[in-house]
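What follows is the residue order along each chain.
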Amino acid sequence: MANDTLSVTDNRTGKKFELKIENGCVRAMEFRQMKVDAEDFGLMTYDPAFLNTANCKSAITFIDGDKGILEYRGYPIDQLADKSTHLETAYLLMNGELPNKTQLDEFTNKITLHTYVHENIKQFMDGFRYDAHPMSMLASTVAALSSFYPEARQVRNKEVRRHQMMRLIAKMPTLAAFSYRHSQGLPYIYPNNDLSYTENFLTMVKSIGKPNWRPHPALVRALDVLFILHADHEQNCSTTSVRVVGSSEVDPYSACAGGITALYGPLHGGANEAVLRMLREIGDKKNVPEFIAKVKDKDGDKKLMGFGHRVYKNYDPRAKVIKKACDEVFEVTGKNPLIDIAVELERIALQDDYFVQRKLYPNVDFYSGLIYEAMGFPMEFFTCLFAIPRTVGWVTQFEEMITDNEQKIARPRQIFTGSKKRDYVAMDKR
Ligand code: ACO
């Protein structure tokens, strides 16, 4: 379109500029030509927390936050949750298309072959204190994997890179399960390659003393659906961390360890843990109005955990699927009594002007903790259950970044607000 441009007048100089608008964006570097004189560095854009800055072009995941839409490679998340499996979805994310039967069998086979970890990893795990947080152990052991696979540094070699991507997806459940077993003081259980990805994981976590013990199929399916829902979410905090760390061309293990640490925080993957603490604090349905009042109090510091999202200004489509899955899980495990408080919180909040005006809706974490708890996972382990599937997104985004000719090492600018140059003062003169 001829007028797909932005006209800018720099009122400091009176100069006019025509900036091209592409994909609803102007390039921030275009502003650099706007200078008051030849010495001037040029205009920059200021955007703390990247509220309005696209950092890449991506063909992986589409989100329309206002409409509550999430699609992986064009496929709506509810259809994938209903019909696909986590490994099929992983193939889709990594390769752009759904696999045929042969492709999926081959992919599943490759992942299954790589579920074992080097024996030294066990000793490494043993070095952690008995009460170490599983996410802390997971981040460290994933970073340590780079020392086992030095070839992983060849990030520009597609074959080598793909190999590490498969290894990461395959080993993440094993490492997460080991970190769980360590924190419970239980012996590690080796992967069973006859089982599906998710059944194998649940077996490594839960089996005690019965070699033929298998998790309930309904729980395997429910967790697999949760894995699908968490597989990617475009440029969220942990994925951006993976891209930024990976932009230095470090190996994908180190980059994903960066993603895990970002996910650890309570404003990101740690939110479902915070939701359960909040529901326990509320204690009873009748206390919900009082709690909501505290959240709305400007002088207080309470948030309604599991509500709000940087991108979704509508119901998070993943929360809808999880809310439905709760019933299926509770049929097997018995109802988690906190669900009644959660449903009441949602009902009251969605009618309240404070939340309506700010477009605060339940996000993926609002109900996921209830399912994890009903399945018998301790709260500290919830974020590991997020990291396992998100590994698919991290490695796929890592590859997209590394193969994108427009990308360079990530290095934002700053606005310096500190002291002007001054001379060093000797200790006795200060
Ligand atoms: N409870 C109460 N008020 C909230 C909440 C909440 N959960 N979330 C946002 N608000 C309010 C803010 O106080 C702000 O109000 P103001 O305009 O009067 O100052 C307004 O809504 C806008 O919020 P921001 O903080 O600007 O939104 P932002 O996009 O920066 O934050 C975030 C998004 C971090 C997710 C935030 O909504 C939050 O902290 N939610 C609770 C934690 C949570 O559930 N995190 C999980 C996110 S999903 C994920 O990572 C998988």
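Numbering of residues starts from 1 in every chain and runs along the sequence as written. At least 70 in pLDDT is required for a residue's local features to be given in this predicted model, at least 80 for side-chain atom pairs to be given and counted, and no such filter applies to totals for whole chains, interfaces and linings, which use all residues. Excluding hydrogens and water, the side-chain values take into account all heavy atoms of the structure.

Draft legend 1. Spotlight on the packing of aromatic side chains. Only centres within 6.5 Å qualify two rings of Phe, Tyr or Trp (six-membered ring in Trp) as a pair; their planes then separate them into stacked at under 30 degrees, edge-to-face at over 60, and tilted for everything else. All chains considered together, the criterion is met by 16 aromatic pairs. Ring centres 4.6 Å apart and planes at 25 degrees place the aromatic pair F178 and Y188 in the stacked group. One end of the pair, F178, is in helix α6 (residues 158-184); the other, Y188, is in the loop between α6 and α7 (197-206), and 10 residues separate them in sequence. Ring centres 5.3 Å apart and planes at 50 degrees place the aromatic pair Y372 and F382 in the tilted group. Remark: F382 occurs in helix α17 (residues 382-402) and Y372 occurs in helix α16 (residues 365-374); sequence separation between them is 10 residues. Partly exposed describes any residue whose relative accessible area lies between the buried limit of under 20% and the exposed limit of over 50%, with all areas from a 1.4 Å probe on protein chains only and scaled to the type maximum. Here Y372 falls in the buried class, since its relative accessible area comes to 0%. For the purposes of this entry, the term helix denotes a DSSP run of H or I that reaches at least four residues, the term strand denotes a run of E that reaches at least two, and both are numbered from the N terminus.

Draft legend 2. Inspection of the environment of V392 at higher detail. Its place among the elements puts V392 in helix α17. Its relative accessible area of 0% is what places V392 among the buried residues. Put simply, V392 and Y91 are 301 residues apart on the chain and 8.8 Å apart in space, counted from C-alpha to C-alpha. Apart from the residues lying within four places of it in its own chain, the contact partners of V392 are H86, A90, L93, I169 and A231. Only heavy atoms enter the contact rule, under which two residues are in contact if any of them lie within 4.5 Å.

Draft legend 3. Just helix α5 (residues 134-148), in detail. Look at α5: 21 Å from first C-alpha to last across 15 residues, which is about the 21 Å you get at 1.5 Å a residue. Turning to α5, its buried residues number three or more, namely P134, M135, M137, L138, A139, T141, V142, A144, L145 and S146. Of the surrounding elements, those touching the buried residues of α5 are α4 (119-126), α6, α10 (252-264) and α17. By this rule, a helix spans an expected 1.5 Å times one less than how many residues it contains.

Draft legend 4. Spotlight on the packing of α4 against α6. Viewed as axis vectors pointing N to C, α4 and α6 meet at an angle of 40 degrees, and their least axial separation amounts to 10 Å. Between α4 and α6 lies a crossing whose hand is right-handed. Every residue of α6 that contacts α4 at I121, K122, M125 and D126 is listed here: L175, F178, S179 and H182. Side-chain classes follow a simple rule in which Ala, Val, Leu, Ile, Met, Phe, Trp, Tyr, Cys and Pro form the nonpolar group, Asp, Glu, Lys and Arg form the charged group, and the remainder, Gly included, forms the polar group. Split by residue class, the contact of α4 with α6 holds four nonpolar, two polar and two charged. Between N-to-C directions, angles span 0 to 180 degrees; the directions come from axes that are lines fitted to C-alpha atoms, helices contributing only their stretch in contact. Here is the rule for handedness: rotate from the far helix to the near one, and if that takes an anticlockwise turn smaller than a right angle the crossing is left-handed, while a clockwise turn gives right-handed.

Draft legend 5. Region of the structure containing the domain arrangement of the protein. Here the protein is partitioned into domain 1 (75-269 + 391-402) and domain 2 (271-374). Summarising the inter-unit geometry, the C-alpha centres of domain 1 and domain 2 are found 27 Å apart. Opposite the 18 residues of domain 1 that make contact, domain 2 presents 19 residues. Here the quantity called buried area is the total loss of accessible area, with a 1.4 Å probe, experienced by two parts when brought into contact, counted for both. The junction of domain 1 with domain 2 conceals about 1400 Å² of combined surface from both sides, 70% of it contributed by carbon and sulfur atoms. The largest per-residue losses of area from domain 1 upon contact with domain 2 belong to L226, L229 and H233, which jointly make up 34% of the total buried on that side. No other element matches helix α8 (residues 217-230), which puts eight residues into the side of domain 1 that touches domain 2. Residue ranges assigned to each domain were obtained from an automatic or database domain assignment.

Draft legend 6. Inspection of the pairing of strand β1 (residues 5-10) at higher detail. Pairing between β1 and strand β2 (residues 15-20): six bridges, direction antiparallel. Paired with D10 across the two strands is K15, which belongs to β2. At least two DSSP bridges between two strands are required for those strands to pair. In sequence, β1 turns back onto β2 through a hairpin of four residues, with G14 there showing a positive phi of about 80 degrees.

Draft legend 7. Expanded view of the nonpolar core. One finds L138, F201, M278, L279, L304 and L345 to be the most contacted residues of the largest nonpolar core, which totals 114 residues. Looking at which element gives the most residues to this core, the answer is α17, with 12 residues. Split by domain, this core shows at least three residues from each of two domains, domain 1 (75-269 + 391-402) and domain 2 (271-374). Setting aside chain neighbours within four positions, we find F201 in contact with P173, A176, A177, L223, F227, F381, L385 and I388. With five residues, the next largest nonpolar core counts V8, F17, F31 and M34 among its residues. Residues belong to a common nonpolar core when they are buried Ala, Val, Leu, Ile, Met, Phe, Trp, Tyr or Cys residues joined through side-chain atoms within 4.5 Å.

Draft legend 8. Quick look at the site of the ligand. Every one of the 20 residues lining the ligand counts as a neighbour, but K298, K303, L304, G306 and R310 are closest to it. Here a nitrogen atom of the ligand sits 2.9 Å away from a polar atom, N or O, in the main chain of F307. For the accessible areas, the method is Shrake-Rupley and the probe is 1.4 Å, while residue cover comes only from the protein chains on display. Considered on its own, the ligand offers 930 Å² of accessible surface; in the complex 73% of this is hidden by protein. Along the lines of polarity and charge, the residues of the shell around the ligand split into 10 nonpolar, five polar and five charged. Residues are labelled near a given molecule or strand when at least one of their non-hydrogen atoms is within 4 Å of it. N or O atoms closer than or at 3.5 Å make up a polar contact, with two conditions inside protein: a donor-capable atom paired with an acceptor-capable one, and, for residues adjacent in sequence, both atoms drawn from side chains.

Draft legend 9. Here's a closer look at the sheet that holds strand β4 (residues 69-72). With antiparallel pairing, the three strands of this open sheet are ordered in space as β3-β4-β5. Each of the sheet's edge strands pairs with one partner strand only, and the pair in question is β3 (61-64) and β5 (75-76). Note that β4 and β5 share two bridges and pair antiparallel. Directly across from E71, in β5, lies its bridge partner P76.

Draft legend 10. Structural context of helix α11 (residues 271-282). For α11, with 12 residues, the first-to-last C-alpha span of 16 Å sits near the 16 Å given by 1.5 Å per residue. α11 sits mainly inside the fold: nine of its 12 residues count as buried. Close packing links the buried residues of α11 with α12 (288-296), α14 (338-351), α16 and α17. A positive backbone phi angle near 80 degrees is found at G283, which sits one or two residues after α11.

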